[in-house]
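Analysis of the macromolecular model
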Amino acid sequence: AASEVMALLCLARDLGDLKSRLGKILIGLTFDGEPVLAEALKATGAMAALLREALLEMRLGRTREAEAAARRVIERQPGNAEAHYLLGLALEQGGAFEEAAAAQRQAQEIAPGHLGTLSHLATLTMRLGRPEEAARWRSAHREALLRGRVEERVRGDRLRGVEAFNRGDYPA
């Protein structure tokens, strides 16, 4: 879901659109097979605000502020891969490559298929003079890209199945 959140940050036209898009993330299914969306957790507003602040600071080139904003998100939500990813970006921009790599590794542990994290880990480890490790991250990035394409097709099929079931024209 981390790469999905990052994509939504890029696609959103405004804060309302971001909250709406975050709320429509499919979390799972109930025991009855009904979809459970992120909006059911009632945390999209807070998540959107904190992530937006960190991302905005990064886009404005204010890396110290972006770092502080990302650390605030991590303090509240240690398992937030996007916050670790943004922290890594801010640290990388500030020239703290070892710390940036550590933040990106934390994001990768939380969200193993996060494409941005894998890409930055390849770049950072190369900058740090670890070409073998960089090659492993590049390989993981390629695998995640391929997996993402397959998962997108499966997700589309699953959503079409739920829609057909809701319409009542799902074959028994």
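In the block above lies the structure referred to throughout.
Residues numbered from 1 in each chain as written. Predicted model: local features only at pLDDT ≥ 70, side-chain atom pairs only at ≥ 80, totals over all residues. Heavy atoms only, no water.

What follows concerns the nonpolar core. With 19 residues, the main nonpolar core has Met-58, Leu-86, Leu-87, Leu-89 and Leu-91 as its most contacted residues. Among the elements of the structure, helix H3 (44-59), helix H4 (63-76), helix H5 (81-93) and helix H6 (97-110) are those that each provide at least two residues to this core. If one sorts the elements of this core by residue count, H5 sits on top with seven residues. Ranked by size, the runner-up nonpolar core spans five residues in total, among them Leu-118, Ala-122, Trp-137 and Ala-144. (Core = buried A, V, L, I, M, F, W, Y, C linked by side-chain atoms within 4.5 Å. Buried < 20%, exposed > 50% of the residue type's maximum accessible area, 1.4 Å probe, protein only. Helix = DSSP H or I, 4+ residues; strand = E, 2+ residues; numbered from the N terminus.)

The next subject is H4. With 14 residues, H4 ought to run about 20 Å at 1.5 Å a step, and its terminal C-alpha atoms sit 20 Å apart, in line with that. The complete set of buried residues in H4 reads Thr-63, Ala-66, Ala-69, Ala-70, Val-73 and Ile-74. Mapping the buried residues of H4 onto a view down its axis gives an arc of 140 degrees, with all of them on the same face. Facing away from the buried side of H4, by more than 90 degrees, are the exposed residues Arg-64, Glu-75 and Arg-76. (Expected span 1.5 Å × (residues − 1). Arc of directions from axis to C-beta.)

The next thing to look at is the pattern of salt bridges. Pairing between side chains becomes possible if they bear opposite charge and their charged atoms approach one another. In the structure shown here, the tally under the stated rule is five salt bridges. Note that Glu-98 and Arg-130 form a salt bridge whose closest N and O atoms lie 3.1 Å from each other. Remark: Arg-130 occurs in the loop between helix H7 (115-127) and helix H8 (131-167) and Glu-98 occurs in helix H6; sequence separation between them is 32 residues. For Arg-130, a relative accessible area of 23% corresponds to the partly exposed category. (Salt bridge = Lys/Arg side-chain N within 4 Å of Asp/Glu carboxyl O.)

Let us now look at the packing of H5 against H6. The angle between the axes and the distance between the axes are what describe a pair of packed helices. Contact geometry of H5 with H6 gives a least axis separation of 8 Å together with a crossing angle of 165 degrees. Taken together, the axis directions place H5 and H6 in an arrangement best described as roughly antiparallel. Note that H5 runs across H6; the crossing there is left-handed. Within the contact between the two elements, H5 uses Ala-81, His-84, Tyr-85, Leu-87, Gly-88, Leu-89, Leu-91 and Glu-92 and H6 uses Phe-97, Glu-99, Ala-100, Ala-103, Gln-104, Gln-106, Ala-107 and Ile-110. (Axes fitted to C-alpha atoms, helices over the stretch in contact; angles between N-to-C directions. Parallel < 35°, antiparallel > 145°, perpendicular 65-115°, else oblique. Left-handed = near helix turned anticlockwise from the far one by under 90°. Contact = heavy atoms within 4.5 Å.)

The next subject is the side chain of Asn-80. For Asn-80, the position within the fold is in the loop between H4 and H5. At 3.0 Å, the side chain of Asn-80 and the backbone nitrogen of Ala-83 are in polar contact. (Polar contact = N/O pair within 3.5 Å; in protein donor to acceptor, adjacent residues only side chain to side chain.)

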